[in-house]
Amino acid sequence: MSQGTLGGTSERVISGRALVLYLVLLTAGIGLQSSVAVHLNFLGAQPDFLLTLALCVALLTDASIGAGAGFISGLVTAAIAGPTLGTFLITRIVAAWAVGALRRRFVRVGVGVTLLGVGAGSVLAGVLYGFSNPRIGLAHWLSLTFVGAVMNLLVALPLAVLARWKTVRL
């Protein structure tokens, strides 16, 4: 099996450099999610750096690696947010897997595909979270889902450009 990268190959082996980049971005995402995201609250929603990272990984690899990144995102988010471990795990795994499966429909991942994938994945995660946590009100859930998806799109563009540039050029 030859060495693949996060740059869009269909192989399941990830290069060491791509893995190091993912760990650096994951560490930065943890710091941003736990300290900065709470201050970027708009209409009750805030950006989800860890979900966005998992969706970008899914867009640059495939569904199974995306699901793994979704698992890590859900686990870390639950550790930061509190007692909803199962909800965060399932919603992140399913959303990242679905975006990774969507990735197979496109030849290249560009800006439009990044917007489509992260937007669709964020909305899917929000919908699943709303179904699994019905105690939140409808208006709050809509804000979390759709305003949160727009905020994730703003985070996704520089993240996807950095990940694609660093992994394709290495």
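Reading the values: rules and limits
Residues numbered from 1 in each chain as written. Predicted model: local features only at pLDDT ≥ 70, side-chain atom pairs only at ≥ 80, totals over all residues. Heavy atoms only, no water. Salt bridge = Lys/Arg side-chain N within 4 Å of Asp/Glu carboxyl O. Helix = DSSP H or I, 4+ residues; strand = E, 2+ residues; numbered from the N terminus. Buried < 20%, exposed > 50% of the residue type's maximum accessible area, 1.4 Å probe, protein only. 1 Å grid on protein atoms, 1.4 Å probe; cavity = no way out; pocket = protein on both sides within 12 Å on 5 of 7 lines; lining within 4 Å. Points joined across faces, edges and corners; volume = space filled by probe spheres on them. Polar contact = N/O pair within 3.5 Å; in protein donor to acceptor, adjacent residues only side chain to side chain. Contact = heavy atoms within 4.5 Å. pLDDT = per-residue confidence, 0-100. Axes fitted to C-alpha atoms, helices over the stretch in contact; angles between N-to-C directions. Parallel < 35°, antiparallel > 145°, perpendicular 65-115°, else oblique. Nonpolar A, V, L, I, M, F, W, Y, C, P; charged D, E, K, R; others polar. Left-handed = near helix turned anticlockwise from the far one by under 90°.

Participant: Even after reading the chapter, I still don't get the pattern of salt bridges, so can you show me in this structure?
Facilitator: This model, assessed by the stated rule, comprises one salt bridge. Across the pair Asp-48 and Arg-92 runs a salt bridge whose closest N-O atoms are separated by 2.6 Å. Separated by 44 residues along the polypeptide, Asp-48 in the loop between helix 1 (16–36) and helix 2 (49–60) and Arg-92 in helix 4 (residues 85–103) bring together distant segments of the chain. Summarising the burial analysis for this pair, Asp-48 and Arg-92 share the class buried.

Participant: It is not clear to me how the layout of surface pockets should be interpreted in this structure. Could you clarify?
Facilitator: The method is simple in principle: a probe with the dimensions of a water molecule rolls over the atoms, and the space it marks as empty is what remains. Each pocket or cavity is described by its volume, and for the largest pocket that value is around 650 Å³. Broken down by secondary-structure element, the contributors of at least two residues to the lining of the largest pocket are helix 1, helix 3 (63–81), helix 4, helix 5 (111–132) and helix 6 (138–169). Broken down by element, the lining of the largest pocket gets its largest block of residues, seven residues, from helix 6.

Participant: Explain the side chain of Thr-91 to me, please; I cannot follow it from the model alone.
Facilitator: Tracing the chain through its elements places Thr-91 in helix 4. Taking the relative accessible area as the measure of exposure, Thr-91 reaches 3% and is therefore buried. At 2.9 Å, the side chain of Thr-91 forms a polar contact with the backbone oxygen of Thr-87. Within the structure, the side chain of Thr-91 is placed 3.3 Å from the backbone oxygen of Phe-88, a separation counted as a polar contact. Setting aside residues no more than four positions away along its own chain, Thr-91 makes contact with Ala-125, Leu-128 and Tyr-129.

Participant: It is not clear to me how the confidence of the model for the protein chain should be interpreted in this structure. Could you clarify?
Facilitator: Predicted coordinates in regions of low pLDDT should not be interpreted in detail. Averaged over every residue, the pLDDT of the protein chain is 76; residues scoring 70 or more account for 81%. Helix 3 holds the highest mean pLDDT among the elements of the protein chain, 85, whereas helix 6 holds the lowest, 76. Below a pLDDT of 50 lies the segment residues 1–11, which in the model reaches 31 contacts outside its immediate sequence neighbourhood of four places, other chains included.

Participant: What's the story with the packing of helix 1 against helix 2 in this structure? I'm lost.
Facilitator: When two helices pack together, you describe them by how their axes are tilted relative to each other and by the distance separating the axes. Helix 2 packs onto helix 1 with a crossing angle of 155 degrees between their chain directions and a minimal axis gap of 8 Å. In terms of their interaxial angle, helix 1 and helix 2 are classed as roughly antiparallel. Residue-level contacts link Tyr-22, Leu-25, Leu-26, Gly-29, Ile-30, Leu-32 and Gln-33 of helix 1 to Phe-49, Leu-50, Leu-53 and Val-57 of helix 2. Looking at side-chain class alone, the contact of helix 1 with helix 2 contains nine nonpolar, two polar and no charged residues.

Participant: Got a minute to help me understand the packing of helix 1 against helix 3 in this structure?
Facilitator: Where helix 1 contacts helix 3, the axes come no closer than 11 Å and their chain directions differ by 30 degrees. Relative to helix 3, the element helix 1 lies roughly parallel. The element helix 1 and its partner helix 3 pack so that their crossing is right-handed. Where helix 1 approaches helix 3, its residues Tyr-22, Leu-26, Ile-30, Gln-33 and Ser-34 are matched on the opposing element by Ala-69, Ile-72, Val-76 and Ile-80. Residues of the contact of helix 1 with helix 3, tallied by class, amount to seven nonpolar, two polar and no charged.

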